[in-house]
Amino acid sequence: MSRESSSTTVARTRAARFQGPFLPWLLEKVKEGPVHFTLIDPDKTPGAKAGEAAARAEELGTDVLLLGGSTGITSERMGEAARSVHDRTSLPVVIFPQGPDSLTDEADALLFMSLLNSRDLRMVVRAQAATSLHVKALGLEPVPMGYLVVAPGMKVGEVGSADCLSREDPKGAAAWALAAEYLGMKLVYLEAGSGAPSPVPASLVRAARDVLSVPLIVGGGIRNAEHARTLLKAGAQVLVTGTILEEGGEGALGPILHEVKSARARAT
Ligand code: 1GP
């Protein structure tokens with residue numbers, strides 16, 4: 001079903017749909033303070049469950065719904081999840097891709113990312129070349145993003161053959177982040193890996209933020225308000241959490257979002 005006909009059918013029941021484009025919206029929003037993205041894995045939280053999880057996250061105050069995971073996502077699964085999130089929320093829905101097979105025109109945008117510190121050229125640029133014409137045909141908004149995996153890297157570090165950035169080398173992290181910006185990336189993401197025992201160290205976040213002009217996204221292992229506070233203080237402009245909501249942890253997501261909103265209120 002086309003986007004138009006599907007949205008007409010359900011217009012009376014769904015919340016007002018986000019009107020893109022996504023990147024200019026995000027850049028404006030980040031100017032006014034930090035924001036929060038919730039990551040939902042359509043493999044672990046499929047179909048209507050994705051919409052339910054997104055609605056809970058929206059109620060708590062998240063700003064953007066990312067759909068993605070490291071393995072097992074087809075474009076059909078991605079499409080079902082994106083539709084159900086659109087049905088239940090008015091949040092932007094953005095694909096955080098595992099690869100070329102997980103794309104759908106039901107989303108508002110795609111993080112068109114390069115895992116810059118991978119040893120595998122497929123992760124750096126070859127998969128992107130294999131996918132670009134398909135992205136265009138789908139009419140998906142591509143958002144150029146430099147993706148940098150920090151130790152321990154978890155599953156994405158493994159699947160992505162990453163030479164993980166050292167947790168003890170802030171200058172190294174700054175150099176990679178700035179290289180991403182100089183290559184034209186509109187966003188830079190420091191990723192410790194989903195389920196990481198602790199988030200990206202504040203020293204790396206601070207060093208990267210000091211040299212960047214584009215927004216800095218930080219994710220992986222953020223579990224509580226203290227983590228959020230520390231990363232926001234170090235200069236993270238977008239915090240990403242996934243696991244806590246997946247594990248039914250609204251109790252933990254609430255305080256994290258409280259930190260993000262407080263930092264936002266202080267910034268304006
Ligand atoms: C993964 O950074 C995100 O890409 C989310 O990590 O699941 O640890 O919150 P968590």
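Residues numbered from 1 in each chain as written. Predicted model: local features only at pLDDT ≥ 70, side-chain atom pairs only at ≥ 80, totals over all residues.

Remarks on the overall build of the protein
Here comes step 1: Broken down by element type, the protein carries 11 helices and 8 strands.
Here comes step 2: Computed over the C-alpha atoms, the radius of gyration of the protein is 17 Å, within 12% of the 18 Å expected from 2.2 N^0.38 for a compact globule of 268 residues.
Here comes step 3: Along the longest, intermediate and shortest principal axes, the C-alpha atoms of the protein span 55 × 40 × 30 Å.
Here comes step 4: The proportion of buried residues among the 268 residues of the protein is 47%. (Helix = DSSP H or I, 4+ residues; strand = E, 2+ residues; numbered from the N terminus. Rg over C-alpha atoms; globule rule 2.2 N^0.38 Å. Buried ≥ 20, exposed ≤ 12 C-beta atoms within 10 Å, placed from the backbone.)

Quick look at the site of the ligand
Here comes step 1: If you check the shell around the ligand, you find 13 residues, and the closest are Ser 194, Gly 219, Gly 220, Gly 242 and Thr 243.
Here comes step 2: Here the shell around the ligand is composed, by residue class, of 4 nonpolar, 8 polar and 1 charged. (Near = placed C-beta within 6 Å. Nonpolar A, V, L, I, M, F, W, Y, C, P; charged D, E, K, R; others polar.)

Looking at the packing of helix H3 (residues 47-60) against helix H11 (residues 250-267)
Here comes step 1: In contact at an axis separation of 9 Å, H3 and H11 are set at 40° when each is read in the N-to-C sense. Remark: the crossing between H3 and H11 carries right-handed chirality. Contact with H3, carried on its side by Arg 56, Ala 57 and Leu 60, involves Glu 250, Leu 253, Gly 254 and Leu 257 of H11 and no other residues of that element.
Here comes step 2: Residues belonging to the contact of H3 with H11 are distributed by class as follows: 4 nonpolar, 1 polar and 2 charged. (Axes fitted to C-alpha atoms, helices over the stretch in contact; angles between N-to-C directions. Left-handed = near helix turned anticlockwise from the far one by under 90°. Contact = placed C-beta atoms within 7 Å.)

Some points on the environment of Pro 97
Here comes step 1: Assignment of secondary structure puts Pro 97 in the loop between strand S3 (93-96) and strand S4 (109-115).
Here comes step 2: Between the alpha carbons of Pro 97 and Gly 219 there is a distance of 15 Å; along the sequence they are 122 residues apart.
Here comes step 3: Residues within four places of Pro 97 in sequence aside, it is in contact with Gly 68, Ser 102, Leu 103, Leu 110 and Leu 111.

Thoughts on the nonpolar core
Inside soluble globular proteins, nonpolar side chains tend to come together where they are buried.
Here comes step 1: Residues Leu 67, Val 94, Leu 148, Val 188 and Leu 190 are the most contacted members of the largest nonpolar core, which totals 82 residues.
Here comes step 2: Ignoring anything within four residues of it in the chain, the contact list for Val 94 reads Phe 22, Val 64, Leu 65, Leu 66, Ala 107, Asp 108, Ala 109 and Leu 111. (Core = buried A, V, L, I, M, F, W, Y, C linked by C-beta atoms within 7 Å.)

Remarks on the packing of helix H8 (residues 202-211) against helix H9 (residues 225-234)
When two helices pack together, their arrangement is given by the angle between the helix axes and the distance between those axes.
Here comes step 1: Packing of H8 against H9 leaves a shortest axis separation of 8 Å and a crossing angle of 25°. One way to sum up the angle between H8 and H9 is to call them roughly parallel. Here the hand of the crossing between H8 and H9 comes out right-handed. Contact with H8, carried on its side by Ala 202, Val 205, Arg 206 and Arg 209, involves Thr 230, Leu 231 and Ala 234 of H9 and no other residues of that element.
Here comes step 2: Across the contact of H8 with H9, the residue classes break down as 4 nonpolar, 1 polar and 2 charged. (Parallel < 35°, antiparallel > 145°, perpendicular 65-115°, else oblique.)

Quick notes on the pairing of strand S1 (residues 35-40)
Here comes step 1: Burial of S1 is extensive: 6 of the 6 residues sit out of reach of the surface.
Here comes step 2: Alignment of S1 against strand S8 (residues 238-241), held across 4 bridges, turns out to be parallel. Along S8, the bridge assignment pairs Phe 37 with Val 240.
Here comes step 3: Read as a crossover between parallel neighbours, the route from S1 over H3 to strand S2 (residues 64-68) is right-handed. (Pairing = 2+ DSSP bridges. Right-handed = clockwise from strand over helix to strand, strands pointing away.)

A few points about the sheet that holds strand S7 (residues 216-219)
Here comes step 1: Strands sit in the order S1-S2-S3-S4-S5-S6-S7-S8 around a closed barrel of 8 strands; the barrel is parallel. Across the sheet, the mean angle separating the axes of adjacent strands is 30° when strand polarity is ignored.

Section: the environment of Met 185
Here comes step 1: As for its position among the elements, Met 185 is in the loop between helix H7 (170-182) and strand S6 (187-191).
Here comes step 2: Residue classification places Met 185 among the buried positions, given that 22 C-beta atoms sit within 10 Å.
Here comes step 3: C-alpha separation for the pair Met 185 and Val 214, spaced 29 residues apart in sequence, amounts to 8.0 Å.
Here comes step 4: Contact partners of Met 185, with chain neighbours within four places excluded, come to Pro 144, Met 145, Gly 146, Ala 180 and Val 214.

Side note on H7
Here comes step 1: Here H7 is 13 residues long and its end C-alpha atoms lie 18 Å apart, about the 18 Å a rise of 1.5 Å per residue gives.
Here comes step 2: Buried-residue contacts for H7 involve strand S5 (141-149), S6 and H8.
Here comes step 3: Following H7 by one or two positions, Gly 184 adopts a phi angle in the positive range, close to 105°. (Expected span 1.5 Å × (residues − 1).)

Observations regarding the confidence of the model for the protein
Note: predicted coordinates in regions of low pLDDT should not be interpreted at a detailed level.
Here comes step 1: On average, residues of the protein carry a pLDDT of 92, and 94% of them reach 70 or more.
Here comes step 2: Averaged over each element, pLDDT in the protein is lowest for helix H1 (residues 3-10) (45) and highest for S7 (99).
Here comes step 3: Overall, residues 1-12 carries pLDDT values under 50, and its contacts beyond four positions in sequence, including any with other chains, amount to 4 contacts. (pLDDT = per-residue confidence, 0-100.)

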